[in-house]
Amino acid sequence: MNPLLAQASSKAAKPSSTAIAQSAKSAEAGSNLLWLATSGGLLLLLVALGVFTKVSLDKAAKQLKFENFKNRELQKKLKYAVETIGKMERNPDLIHSREFNLDYLRMRMDEEVFHFAILNQIKMKVKDKITMALRSSQPHQGEIGIASGGRQVDEVFDVEYEPGDLPKGTKRVLFRIEIKILKLPTQPTSVTINQIIDCIETFLSPTSNHDSWQPTIQGRIANMRWDQKAKPTPLLVLEQTQEGSNVTFRTTRMAQGA
């Protein structure tokens, strides 16, 4: 082989090896840069996750601290309320407040205008509350000693008045009335309503003779009384008993001197 050609071939091969080496170095540098970028991204992600976790834990700790404080305050309020109720129950003024309110009611019922206003309010509320209860579509419930189709009716309503020393329209509860009767298909609803109104009117009348008067509703004996446990607002209870299904007592007020 010609020595000149061999030398030329050797010289041509040298630049090719150098280019390969440079390409390898460039690829290695690019790989290192990619690894550094990936590592840096992961590091930033970990730092952000740590900051977020720290903020979330601080927020949860503050919320827990607030809830504990709120719970302690509620416990203090509950304890204070229990102590206050206990003092009220032992307060002789409040213990006898029901009797005082009843005495006030009896005194005011002697006044014709007050008497008329209270009875008129009672009539309206009885017609509204009891009529709706008697005509409701509740399922019938049979009870021992009660004719089939009977249904218990239990309604409570307030009797209010406007004190003269307060602005017009300011009402206070004078007393409450609870009516417990049995809905029986023996007479029209209007008749039952009138009997209830007559019972209440007779009981509240200061001139009625309660010793010789027996209230009845639907031919059954009824019991009227002031609830001894209702304090301080008096509660008048009209309750129909299961006695005297054939009695003929009338609830109208007996004549004076009878």
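The structure under discussion appears in the preceding block.
Residues numbered from 1 in each chain as written. Predicted model: local features only at pLDDT ≥ 70, side-chain atom pairs only at ≥ 80, totals over all residues. Heavy atoms only, no water.

## Observations concerning the overall build of the protein
Assigned secondary structure in the protein consists of five helices and five strands. Listed by position from the N terminus, the elements making up the protein come as α-α-α-α-β-β-α-β-β-β. Counting all 258 residues of the protein, 26% fall into the buried class. Within the protein, counting contacts between residues at least 6 apart in sequence, those at least 24 apart form 60% of the total. For the protein, the exposed area adds up to about 18,100 Å²; of that, 60% sits on carbon and sulfur atoms. (Helix = DSSP H or I, 4+ residues; strand = E, 2+ residues; numbered from the N terminus. Buried < 20%, exposed > 50% of the residue type's maximum accessible area, 1.4 Å probe, protein only. Contact = heavy atoms within 4.5 Å. Areas by Shrake-Rupley, 256 points an atom, 1.4 Å probe, with all protein chains shown as cover.)

## Remarks on helix 5 (residues 189-204)
Note: α-helices contain 3.6 residues per turn, so residues at a spacing of three or four share the same orientation. The end-to-end C-alpha distance of helix 5 is 23 Å, a good match for the 22 Å that 16 residues give at a rise of 1.5 Å each. For helix 5, a buried count of 12 out of 16 residues is recorded, marking the element as mostly surrounded by other parts of the structure. Restricting attention to buried positions, one finds in helix 5 the residues Thr189, Thr192, Ile193, Gln195, Ile196, Ile197, Asp198, Cys199, Ile200, Thr202, Phe203 and Leu204. (Expected span 1.5 Å × (residues − 1).)

## Considerations on the packing of helix 3 (residues 97-109) against helix 4 (residues 112-134)
The relative placement of two packed helices is expressed as an angle between their axes plus a distance between the axes. Relative to each other, helix 3 and helix 4 sit at 110°, their axes nearing to 7 Å. When the axis of helix 3 is compared with that of helix 4, the two are roughly perpendicular. In this structure, helix 3 uses Leu105, Arg108 and Met109 to contact helix 4, whose residues at the interface are Phe114, His115 and Ile118. Taken together, the residues of the contact of helix 3 with helix 4 sort by class into four nonpolar, one polar and one charged. (Axes fitted to C-alpha atoms, helices over the stretch in contact; angles between N-to-C directions. Parallel < 35°, antiparallel > 145°, perpendicular 65-115°, else oblique. Nonpolar A, V, L, I, M, F, W, Y, C, P; charged D, E, K, R; others polar.)

## Remarks on the side chain of Thr131
Following the sequence through the fold, Thr131 ends up in helix 4. Here Thr131 falls in the buried class, since its relative accessible area comes to 16%. Of note is the side chain of Thr131, whose polar atom sits 2.6 Å from the backbone oxygen of Lys127. Excluding residues within four positions of it along the chain, Thr131 makes contact with Val126, Thr189 and Ile193. (Polar contact = N/O pair within 3.5 Å; in protein donor to acceptor, adjacent residues only side chain to side chain.)

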